[in-house]
Amino acid sequence: MKAAFYYNNDDIRIEEIPVPKINESEVLVKVHASGICGSDVMWEYRKKKTEDSIRNTGRGLILGHEIAGEIIESKNKNWKNGTHVAVAHHVPCENCSYCKDGHETTCEQLRTTNVDPGGFAEFIRVPVANVQNGLHPLPN
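Only a predicted model underlies this, so the values are computations on that prediction, with no experimental measurement involved.

**Examining the confidence of the model for the chain**
The pLDDT averaged across the chain works out to 93; a share of 100% of its residues lies at or above 70. Within the chain, no element has a lower average pLDDT than helix α1 (residues 43-57), which sits at 87, and none a higher one than strand β6 (residues 123-126), at 98.

Next up, the structure:
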């Protein structure tokens, strides 16, 4: 599949990478649209993440995490192939004391969840936590 890798403001490359493989209770979504978060346009935020990605993978960063698409493979009994969905990139656990008190933005899980690899790819793997708390059906 193709994905857009950000290396710096003057270097965005369309590169081929494998379609993610999904695990039990996960789904694979064909991306129809993706936006960029406000934090992704802040150079200070992007710079460290991009440098870490290049150091760890040899490639830039795949941005985009306000995603809409269609489930094309599901290993989750609650979600069927062909369902159009909005996918949240970061999701709270909904079980910790912060979440139960209505302060989901302070939940530890919120900072650790991601889709794989990012919205500016043709397909994304939606991990279990995101399937449970961040997958939302859309009308056809």
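**Structural notes on the sheet that holds strand β5 (residues 84-88)**
Taken in spatial order, the 5 strands line up as β6-β3-β4-β5-β7 in an open sheet, and their pairing is antiparallel. Each edge of the sheet is formed by a strand with only one pairing partner; in this case those strands are β6 and β7 (135-137). Along the sheet, successive strands turn relative to each other by an average axial angle of 40 degrees, direction set aside.

**Focus: a nonpolar patch on the surface**
Nonpolar side chains collect at one region of the surface, where Ile36, Val41 and Met42 lie side by side and expose about 270 Å² of accessible area between them. Checked against the element boundaries, Met42 lands in the loop between β3 (27-35) and α1.

**Remarks on the nonpolar core**
One finds Val27, Val29, Val87, Ile124, Val126 and Leu135 to be the most contacted residues of the largest nonpolar core, which totals 13 residues. With 3 residues, the single largest contributor to this core is β3. With residues near it in sequence (within four places) discarded, Ile124 still touches Pro20, Val27, Leu28, Val29, Val31, Ile67, Val87, Val115, Asp116, Pro117, Gly118 and Gly119. Core analysis: the next-biggest nonpolar cluster, separate from the first, contains 10 residues, Phe5, Ile22, Leu28 and Ala121 among them.

**Digging into the pairing of β6**
Neither face of β6 is exposed, since Phe123 and Arg125 on one face and Ile124 and Val126 on the opposite face are all buried. With 4 bridges joining them, β3 and β6 adopt antiparallel strand pairing. Within the sheet, the bridge partner assigned to Val27 lies in β6 and is Val126.

Each value, and the rule that gives it
- Residues numbered from 1 in each chain as written.
- Predicted model: local features only at pLDDT ≥ 70, side-chain atom pairs only at ≥ 80, totals over all residues.
- Heavy atoms only, no water.
- pLDDT = per-residue confidence, 0-100.
- Helix = DSSP H or I, 4+ residues; strand = E, 2+ residues; numbered from the N terminus.
- Pairing = 2+ DSSP bridges.
- Axes fitted to C-alpha atoms, helices over the stretch in contact; angles between N-to-C directions.
- Patch = residues over 30% accessible without salt bridge, like charges linked within 9 Å, V, L, I, M, F, W, Y side chains within 5 Å.
- Areas by Shrake-Rupley, 256 points an atom, 1.4 Å probe, with all protein chains shown as cover.
- Salt bridge = Lys/Arg side-chain N within 4 Å of Asp/Glu carboxyl O.
- Core = buried A, V, L, I, M, F, W, Y, C linked by side-chain atoms within 4.5 Å.
- Buried < 20%, exposed > 50% of the residue type's maximum accessible area, 1.4 Å probe, protein only.
- Contact = heavy atoms within 4.5 Å.

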